[in-house]
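# Structural overview
Each chain, letter by letter, is given below.
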Amino acid sequence: MTGYELMKESPTTKINDSLIDSIESKYGKIDDTFVKQLLSVHLDDNFLDGDDILRLLSSSEILSANENLGVNFTEKRIIPLFDIGDNDFIVYLITEQKWALMNIVDESVFSKEDDLSKFFN
C-alpha cells in the first residue's frame, strides 16, 4: 500500500474512540474526522510502498513521541504521523488544521498544506 492509497482508504476506517480519547488527552481536541480515521488505521507493516522512506507511526509511538523523539509535540499541538527519514516527519498541526513537514533536530515546520495528498505525489 502506498501513502496515497492509505490516505484514500482511511475515510472508510472506523474511528477507534478509546485511542482518539488517549491522543486527544495528550495533544488536544482534534476536530478533523479524517485525522481521527487516519489515527485509527492499523497496518500489519507500517512501512508504505514508494520511492522514499514512508512509515506510519504506531499509536504507541504517537503517544510517546515527546519522550522518544525529544520534541515537545504536545505543547506545540503537533501530532507526528509519518516518518519520512532524515529526521523529517509528516505532522498534523492541530491548531492550524494543516499538514506539514517537521524536522525534529531543529524543530522547524515547513511545507504547510491543507491536503495530505500533497506529500504523496
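Our structure's up above, just so we're on the same page.
Because the structure is a prediction, the values reported are computed rather than measured.

## A few points about the nonpolar core
- Counting 39 residues, the largest nonpolar core has Leu39, Ile79, Phe82, Ile90, Trp99 and Leu116 as the members making the most contacts within it.
- For this core, the element with the highest residue contribution is strand β3 (residues 88-93), accounting for 5 residues.
- Apart from residues lying up to four places away in sequence, phenylalanine 82 is in contact with Leu6, Leu38, Leu48, Leu54, Arg55, Leu56, Leu57, Asp88, Phe89, Ile90, Leu116 and Phe120.

## Description of helix α3 (residues 33-40)
- With 7 of 8 residues buried, α3 lies mostly within the body of the structure.
- Tucked into the core, α3 has its buried residues touching α1 (3-9), α2 (17-27), α4 (59-63), β2 (78-85), β3 and β4 (98-103).
- For α3, the side-chain oxygen to backbone nitrogen distance between the N-cap and phenylalanine 34 is 2.8 Å, and the N-cap itself is aspartate 32.

## Some remarks on the packing of aromatic side chains
- Within the structure shown, the criterion is met by 3 aromatic pairs.
- On the basis of an interplanar angle of 70 degrees and a centroid distance of 6.3 Å, the ring pair of phenylalanine 34 and tryptophan 99 is categorised as edge-to-face. Pair noted here: phenylalanine 34 is in helix α3 and tryptophan 99 is in strand β4, with a separation of 65 residues, a long-range link. Per residue, the accessibility class of phenylalanine 34 equals that of tryptophan 99, and both read buried.
- Their ring planes at 80 degrees and their centres at 5.5 Å tell us that phenylalanine 82 and phenylalanine 120 sit as a pair that is edge-to-face. One end of the pair, phenylalanine 82, is in strand β2; the other, phenylalanine 120, is in the segment after β5 (108-113), and 38 residues separate them in sequence. The pair formed by phenylalanine 82 and phenylalanine 120 is uniform in burial state, with each residue classed as buried.
- Linked through ring pairs, Phe34, Tyr92 and Trp99 together constitute an aromatic cluster.

Analysis parameters
Residues numbered from 1 in each chain as written. Predicted model: local features only at pLDDT ≥ 70, side-chain atom pairs only at ≥ 80, totals over all residues. Heavy atoms only, no water. Core = buried A, V, L, I, M, F, W, Y, C linked by side-chain atoms within 4.5 Å. Buried < 20%, exposed > 50% of the residue type's maximum accessible area, 1.4 Å probe, protein only. Helix = DSSP H or I, 4+ residues; strand = E, 2+ residues; numbered from the N terminus. Contact = heavy atoms within 4.5 Å. Polar contact = N/O pair within 3.5 Å; in protein donor to acceptor, adjacent residues only side chain to side chain. Phe/Tyr/Trp six-rings, centres within 6.5 Å; stacked < 30°, edge-to-face > 60°.

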